[in-house]
Amino acid sequence: MSLPGMMVHTIDLQQFTATKDAVAGLKRTWSNKKTGIAARVAPRRSFRHYEFAKGQIETTHRVYVVLGNGVSRSDFSVGNRIVFETRNFDITGIRDEQEAGILLTIDALEVL
């Protein structure tokens with residue numbers, strides 16, 4: 001099976017904008033950045049430890065996206081959100097593991 005053929009799900013990519021609410025507090029508003037992106041969403045539960053700050057990042061899912069057809073690496077950034085069906089996932093990490101600009105591996109945390 002080809003790499004694009006393995007992308008059996010469709011996701012939307014959202015970015016947030018901070019706006020002021022009625023009492024001058026900040027409110028996070030999400031808007032679509034790209035929609036209808038072919039992807040593969042796979043459950044995964046792990047903790048990735050990062051060395052310098054001695055902290056950890058929780059990952060509940062891994063999302064794979066083939067680059068091209070209007071989708072580029074620069075579209076994705078930590079802090080953006082993926083919408084898959086009725087579920088939301090915060091992006092916690094992005095890698096191009098083969099460094100070939102073909103396949104992105106995205107670590108995500110499901111927001112419940």
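Everything in this summary refers to the structure shown in the same document. From a predicted model like this one, the values you see are computed outputs, not experimental measurements.

The rules behind the values
- Residues numbered from 1 in each chain as written.
- Predicted model: local features only at pLDDT ≥ 70, side-chain atom pairs only at ≥ 80, totals over all residues.
- Heavy atoms only, no water.
- Core = buried A, V, L, I, M, F, W, Y, C linked by side-chain atoms within 4.5 Å.
- Buried < 20%, exposed > 50% of the residue type's maximum accessible area, 1.4 Å probe, protein only.
- Helix = DSSP H or I, 4+ residues; strand = E, 2+ residues; numbered from the N terminus.
- Contact = heavy atoms within 4.5 Å.
- Polar contact = N/O pair within 3.5 Å; in protein donor to acceptor, adjacent residues only side chain to side chain.
- 1 Å grid on protein atoms, 1.4 Å probe; cavity = no way out; pocket = protein on both sides within 12 Å on 5 of 7 lines; lining within 4 Å.
- Points joined across faces, edges and corners; volume = space filled by probe spheres on them.
- Nonpolar A, V, L, I, M, F, W, Y, C, P; charged D, E, K, R; others polar.

**Focus on the nonpolar core**
Then step 1. Counting 18 residues, the largest nonpolar core has I11, V63, V65, F76, I82 and I106 as the members making the most contacts within it.
Then step 2. Among the elements of the structure, β1 (9–20), β2 (26–50), β3 (55–66), β4 (81–84), β5 (87–95) and β6 (103–111) are those that each provide at least two residues to this core.
Then step 3. In this structure V65 touches M7, I11, I37, A38, A39, V71, F76, I102, L103, L104 and I106, once residues within four positions along its chain are discounted.

**Let's talk about the environment of R87**
Then step 1. When you line up the elements, R87 lands in strand β5.
Then step 2. Taking C-alpha positions, R87 is 10.0 Å from I11, a pair spaced 76 residues apart along the chain.
Then step 3. Those residues in contact with R87 that sit more than four places away from it in its chain are H61, I82 and E110.
Then step 4. Polar contacts involving the side chain of R87 include one to the side chain of E110, which spans 2.8 Å.

**Looking at unusual backbone geometry**
Then step 1. The phi dihedral of E85 falls on the positive side, at around 55°, and the residue is not glycine.
Then step 2. Along the chain, the position of E85 falls in the loop between β4 and β5.
Then step 3. Non-glycine residue E99 carries a positive phi angle of around 50°.
Then step 4. Structurally, E99 is set in the loop between β5 and β6.
Then step 5. Judged by its relative accessible area of 71%, E99 is exposed.

**Points about the layout of surface pockets**
The gaps left among the atoms become clear once a water-sized probe is rolled over them.
Then step 1. The computed volume of the largest pocket comes to approximately 200 Å³.
Then step 2. For the lining of the largest pocket, the secondary-structure elements that each account for two or more residues are β2 and β3.
Then step 3. At five residues, the largest contribution of residues to the lining of the largest pocket is made by β2.
Then step 4. Considering only residue class, the lining of the largest pocket consists of eight nonpolar, four polar and one charged.

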